Amino acid sequence: MSFTIAIDGPAAAGKGTLSKAVAAHFGFAHLDTGLLYRAVGAKTLLGVEPIEAALALTAEDLNAQGLRTQDVAQAASRVAVIAEVRAALVDFQRAFAQRAGGAVLDGRDIGTVICPDAAVKLFVTASAQVRAERRFLELLAKGDPCTREDVLADVKARDARDMERVEAPLKPADDAVLIDTSQMSIEDAALRAIAVVEARKP
Ligand code: CDP
């Protein structure tokens with residue numbers, strides 16, 4: 001039996017950590033859909049045409065080095081506005097969501113477009129300052145030579161592009177549970193998410 005959990009939210013909201021914690025708690029599979037867009041974006045930085053890159057995407061591409069850099073994040077949000085790029089990635093995401101044993105998918109349009117019938121929808125957010133600070137510390141720990149100002153600018157630019165695009169814009173589904181992590185650790189947010197899922201499980 002499938003059981004899908006959709007976790008959406010703006011850039012660096014902590015969706016990754018939270019999704020992994022929820023998936024581990026329930027023994028569900030997890031798909032970071034941002035990685036699909038990052039992998040396509042990374043290919044465009046090498047000169048590949050975006051739609052071609054999306055159509056030819058392989059599982060191996062998701063393990064490529066450097067997908068977490070800010071340049072790739074920006075490239076991802078630029079290819080993510082293209083309808084044909086999004087369309088090329090739909091089947092893979094929906095098949096993943098339907099897998100037996102449960103699945104957690106995190107992204108921007110999971111609860112609204114990819115899995116509108118998901119059993120649980122969460123929208124995880126925090127102020128841009130808090131999100132940028134968390135991402136800055138993450139990148140710093142990886143040895144990425146970034147500045148706080150750069151990271152805040154990246155987060156704001158991607159949020160604007162993700163929210164304003166015509167195709168699958170970033171917004172909470174009408175039936176999503178909002179989790180604002182501005183004043184909460186990601187660990188506490190994960191506990192809250194687990195409680196929401198627990199209450200909806202058959
Ligand atoms: O980890 P972070 O929140 O910074 O970004 P991500 O989830 O890896 O997503 C990178 C970019 O891919 C986003 O800024 C979006 O433009 C795009 N994306 C999307 O359009 N739809 C998704 N389901 C996931 C990501």
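Quick look at the structure, then. (Residues numbered from 1 in each chain as written. Predicted model: local features only at pLDDT ≥ 70, side-chain atom pairs only at ≥ 80, totals over all residues. Heavy atoms only, no water.)

On to the overall build of the chain. Helix and strand counts for the chain stand at 9 helices and 5 strands. Ordered by position from the N terminus, the helices and strands of the chain form the series β-α-β-α-α-α-α-β-α-β-α-α-β-α. Over its C-alpha trace the chain gives a radius of gyration of 16 Å, about what one expects of a compact globule, namely 17 Å for 202 residues. Summarising its shape, the C-alpha atoms of the chain cover approximately 45 × 35 × 30 Å along the three principal directions. (Helix = DSSP H or I, 4+ residues; strand = E, 2+ residues; numbered from the N terminus. Rg over C-alpha atoms; globule rule 2.2 N^0.38 Å.)

Quick look at the pairing of strand β5 (residues 177-180) now. Taking every second residue as pointing to the same face, the buried face of β5 carries V177 and I179, while none of L178 and D180 on the other face is buried. One ladder, built from 4 bridges, connects strand β4 (residues 120-125) with β5; its direction is parallel. Bridging across to β5, T125 finds its partner in D180. (Buried < 20%, exposed > 50% of the residue type's maximum accessible area, 1.4 Å probe, protein only. Pairing = 2+ DSSP bridges.)

A volume near 810 Å³ is recorded for the largest pocket. Taken together, 38 residues make up the lining of the largest pocket; nearest its centre are D32, R38, R68, D106 and R135. For the lining of the largest pocket, the secondary structure elements donating two or more residues are α1 (15-26), β2 (29-32), α2 (34-45), α4 (70-79), α5 (83-97), β3 (103-107), α7 (128-141) and α8 (148-164). Tallied by class, residues from the lining of the largest pocket come to 14 nonpolar, 8 polar and 16 charged. (1 Å grid on protein atoms, 1.4 Å probe; cavity = no way out; pocket = protein on both sides within 12 Å on 5 of 7 lines; lining within 4 Å. Points joined across faces, edges and corners; volume = space filled by probe spheres on them. Nonpolar A, V, L, I, M, F, W, Y, C, P; charged D, E, K, R; others polar.)

Right, let's talk about the site of the ligand for a bit. The immediate surroundings of the ligand are formed by 18 residues, with R38, R86, R135, R158 and D162 found nearest. Here K15 contributes a side-chain N or O atom positioned 3.0 Å from an oxygen atom of the ligand. Here an oxygen atom of the ligand and a side-chain polar atom of R165 are 2.9 Å apart. Within the complex, the protein chains bury 97% of what would otherwise be the 530 Å² of accessible surface of the ligand. Most atoms of the ligand, that is more than half of them, are within 2 Å of grid points of the largest pocket. If you list the elements that add at least two residues to the shell around the ligand, you get α2, α4 and α8. The class makeup of the residues in the shell around the ligand is 5 nonpolar, 4 polar and 9 charged. (Near = heavy atom within 4 Å. Polar contact = N/O pair within 3.5 Å; in protein donor to acceptor, adjacent residues only side chain to side chain. Areas by Shrake-Rupley, 256 points an atom, 1.4 Å probe, with all protein chains shown as cover. Sits in = over half its atoms within 2 Å of the grid points.)

Helical geometry: 3.6 residues make up each α-helical turn, so side chains three or four residues apart lie on a common side. Here α2 contains 12 residues, and its C-alpha end-to-end distance of 16 Å stays within 8% of the 16 Å for a straight helix at 1.5 Å per residue. If you check which residues of α2 are buried, you get L35, L36, Y37, R38, A39, V40, G41 and A42. As for α2, its buried residues are in contact with β2, α3 (50-55), α4, α5, α7 and α8. Positive backbone phi, at 100°, marks G47, one or two positions downstream of α2. (Expected span 1.5 Å × (residues − 1). Contact = heavy atoms within 4.5 Å.)

A separate point is the side chain of D154. Mapping D154 onto the fold places it in helix α8. Of the residues examined, D154 reaches a relative accessible area of 6% and is grouped as buried. Among all residues touching D154, those that are not within four sequence positions of it are Q70, A73 and Q74.

The next point concerns the sheet that holds β2. Strand order in the open sheet made by the 5 strands is β2-β3-β1-β4-β5, with parallel pairing throughout. Strand pairing shows two members of the sheet lacking a second neighbour, β2 and β5, which therefore form its edges. For this sheet, the mean inter-axis angle between neighbouring strands, taken without regard to orientation, is 20°. α5 contacts β1 (4-8), β2 and β3 of the sheet and is inclined by roughly 145° relative to β3. (Axes fitted to C-alpha atoms, helices over the stretch in contact; angles between N-to-C directions.)

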